[in-house]
Amino acid sequence: GAVVSQHPSWVICKSGTSVKIECRSLDFQATTMFWYRQFPKQSLMLMATSNEGSKATYEQGVEKDKFLINHASLTLSTLTVTSAHPEDSSFYICSARVGQGAVIAFFGQGTRLTVV
Amino acid sequence: ILNVEQSPQSLHVQEGDSTNFTCSFPSSNFYALHWYRWETAKSPEALFVMTLNGDEKKKGRISATLNTKEGYSYLYIKGSQPEDSATYLCASSSYGNNRLAFGKGNQVVVIP
């Protein structure tokens, strides 16, 4: 099946700094990528939908200026957590789908972010 | 935001036993139901995507059914093996919306 690679798998950063997470589709072109966040014992919560070459669509309650998403090519989307604070500590995971409709999603491995 | 519920949240199964768990989702404007298996330290892996009421899909010892009228799906594991230990995620989407809404998952531990 298709492979989505996400890096880094974990990162620890100081409060106030920014962290960039990369999500790459290795063997297919992903026109749409999705970014999720998961808090302990909670479900994957969609943060934003990223479309190649256009601005991301953010879910209600997600600050677009804090979570910068760039989808500059059909194989790469990045999520930058700006001015990170301890409450941003969470598990972030991306997924990509090929086409529209009832198609499966391919997920990255996820990134555990800890802000100290 | 669609409300997708999975139960039980966690379960322990003896090796060789069969088990099943439930995903409930809004039936109105339903489009598709996804099941994923998520093993620790790995990426979630797609198991099934179902759209039609009465759909049944099978992959090895794992199968799933779909009832779109009442808004639920069952996932069955026959003859559980230790490698079946994982969290099983259910996700639903609605017409006109490309987004998936996930449940919290069913965490399965198969005891040798």
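In this report, we go over the structure that sits alongside the text. Remember, predicted model here, so these are calculated numbers, not experimental data.

A closer look at unusual backbone geometry
The general pattern is negative phi for most residues beyond glycine and trans for most peptide bonds. His 7 of chain A connects to Pro 8 of chain A through a cis peptide bond whose omega is -5°. Its place among the elements puts Pro 8 of chain A in the loop between strand S1 (4-7) and strand S2 (10-13). The omega torsion across Ser 7 of chain B and Pro 8 of chain B is -10°, close enough to zero to call that bond cis. Relative to the helices and strands, Pro 8 of chain B is located in the loop between strand S1 (5-7) and strand S2 (10-14). Even without a glycine there, the phi angle at Ser 83 of chain A is positive, about 45°. Looking at where Ser 83 of chain A falls in the secondary structure, it is placed in the loop between strand S8 (76-81) and strand S9 (90-97). The exposure class of Ser 83 of chain A is partly exposed, given its relative accessible area of 35%. The residue Asn 29 of chain B is not glycine, and still its phi comes out positive at about 60°. Tracing the backbone shows Asn 29 of chain B in the loop between strand S3 (19-24) and strand S4 (30-38).

A look at the sheet that holds S8 of chain A
Residues and elements named next belong to chain A. Taken in spatial order, the 4 strands make up an open sheet running S1-S3-S8-S7, and their pairing is antiparallel. Each having just a single partner strand, S1 and strand S7 (67-73) make up the two edges of the open sheet. The mean angle between the axes of side-by-side strands here comes to 15°, regardless of whether they run parallel or antiparallel. With 5 bridges joining them, S7 and S8 adopt antiparallel strand pairing.

Let's talk about the interface of chain B and chain A
Between chain B and chain A, the contact holds 20 residues from the first and 24 residues from the second. Approximately 1,800 Å² of surface area, both sides summed, lies buried where chain B meets chain A, with 60% of it carried by carbon and sulfur atoms. Among the residues chain B hides against chain A, the three largest losses belong to Asn 98, Arg 99 and Phe 102 of chain B. Together they make up 31% of the total. Inspection of the region where chain B meets chain A yields 1 salt bridge. Put simply, Glu 59 of chain A and Arg 99 of chain B hold a salt bridge, and the shortest N to O gap is 3.3 Å. Here chain B and chain A share 6 residue pairs in polar contact (both at pLDDT 80 or more) between them. When contributions to the side of chain B that touches chain A are tallied by element, the ones reaching two or more residues are S4 and strand S5 (45-50) of chain B.

Rules used throughout
Residues numbered from 1 in each chain as written. Chains lettered and ligands numbered in written order. Predicted model: local features only at pLDDT ≥ 70, side-chain atom pairs only at ≥ 80, totals over all residues. Heavy atoms only, no water. Helix = DSSP H or I, 4+ residues; strand = E, 2+ residues; numbered from the N terminus. Buried < 20%, exposed > 50% of the residue type's maximum accessible area, 1.4 Å probe, protein only. Pairing = 2+ DSSP bridges. Axes fitted to C-alpha atoms, helices over the stretch in contact; angles between N-to-C directions. Contact = heavy atoms within 4.5 Å. Buried area = accessible area lost by both parts, 1.4 Å probe. Salt bridge = Lys/Arg side-chain N within 4 Å of Asp/Glu carboxyl O. Polar contact = N/O pair within 3.5 Å; in protein donor to acceptor, adjacent residues only side chain to side chain.

Note that every value here comes from positions in space, so none of it alone points to a role or purpose.
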